[in-house]
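Each chain, written out:
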Amino acid sequence: MHYSRIPTSHLSSKNEQSLMNWLSNAQKSNINEIKQFVAYIQTDIEAVKHALSYSWSNGIVEGNVNRLKVIKRQMYGRAKLDLLSKKVLYQFQ
């Protein structure tokens, strides 16, 4: 089995059992980075399972937060809160 490939097929099919099987097999790998990745995933396995079982995503929120951070960086040192808020409102229309 190729452990170096991230199991995107398991994630896209939302098959929790196949992901768990992959994690179990990957834990037996001789590659330390793969073992570290599996250990990291297992620290919050419940969140990973929920991500597989629900169709919800926070992508839209993250996109808006990223856009706001870009505007804030552009305006750094140039204006106070009043101008920043006007620019944000203008950009989000």
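On a predicted model such as this, the values are computed, not experimentally measured, just so you know.

How each quantity is defined
- Residues numbered from 1 in each chain as written.
- Predicted model: local features only at pLDDT ≥ 70, side-chain atom pairs only at ≥ 80, totals over all residues.
- Heavy atoms only, no water.
- Phe/Tyr/Trp six-rings, centres within 6.5 Å; stacked < 30°, edge-to-face > 60°.
- Helix = DSSP H or I, 4+ residues; strand = E, 2+ residues; numbered from the N terminus.
- Buried < 20%, exposed > 50% of the residue type's maximum accessible area, 1.4 Å probe, protein only.
- Axes fitted to C-alpha atoms, helices over the stretch in contact; angles between N-to-C directions.
- Parallel < 35°, antiparallel > 145°, perpendicular 65-115°, else oblique.
- Left-handed = near helix turned anticlockwise from the far one by under 90°.
- Contact = heavy atoms within 4.5 Å.
- Nonpolar A, V, L, I, M, F, W, Y, C, P; charged D, E, K, R; others polar.
- Salt bridge = Lys/Arg side-chain N within 4 Å of Asp/Glu carboxyl O.
- Core = buried A, V, L, I, M, F, W, Y, C linked by side-chain atoms within 4.5 Å.
- Polar contact = N/O pair within 3.5 Å; in protein donor to acceptor, adjacent residues only side chain to side chain.

A. Up close: the packing of aromatic side chains. If you walk through the whole model with that rule in mind, you get 1 aromatic pair. Measuring from centroid to centroid gives 6.3 Å for Trp22 and Phe37, while their planes differ by 75°, and the two rings are edge-to-face. Within this pair, whereas Trp22 is found in helix H2 (residues 16-27), its partner Phe37 is found in helix H3 (residues 32-43), the two being separated by 15 residues in sequence. Accessibility expressed as a relative area gives 6% for Trp22, which makes it buried. A residue is classified by how much of its surface remains accessible, and Phe37, at 33% relative accessible area, is partly exposed.

B. A look at the packing of H2 against H3. For the pair H2 and H3, interaxial distance at closest approach is 9 Å and the crossing angle is 135°. As summarised for this structure, H2 and H3 are arranged oblique, according to the angle between their axes. When the axes of H2 and H3 are compared, the crossing they make is left-handed. Residue-level contacts link Trp22, Leu23, Ala26 and Gln27 of H2 to Ile34, Lys35, Phe37, Val38, Ala39, Ile41 and Gln42 of H3. Of the residues contributing to the contact of H2 with H3, the split by class is 8 nonpolar, 2 polar and 1 charged.

C. Fine view of the pattern of salt bridges. The final tally for this structure, using the stated rule, is 1 salt bridge. The residue Lys49 makes a salt bridge to Glu46 at a minimum N-O spacing of 3.8 Å. Of this pair, Lys49 and Glu46 both sit in helix H4 (residues 45-53), 3 residues apart, which is roughly one turn of that helix. Judged by its relative accessible area of 23%, Lys49 is partly exposed.

D. Highlighting the nonpolar core. Grouped together as the largest cluster of nonpolar side chains are 9 residues: Leu19, Trp22, Leu23, Ala26, Ile34, Val38, Ile41, Ile45 and Leu52. Contributing elements (two or more residues each) for this core: H2, H3 and H4. No other element matches H2, which puts 4 residues into this core.

E. Representation of the side chain of Ser29. Among the secondary structure elements, Ser29 is positioned in the loop between H2 and H3. Among the residues examined, Ser29 registers a relative accessible area of 2% and is labelled buried. Of note is the side chain of Ser29, whose polar atom sits 2.9 Å from the backbone nitrogen of Ile31.

F. Structural context of the environment of Asn15. Counting through the fold element by element, Asn15 comes out in the loop between helix H1 (8-12) and H2. For the pair Asn15 and Ser53, spaced 38 residues apart in sequence, the C-alpha separation works out to 8.4 Å.

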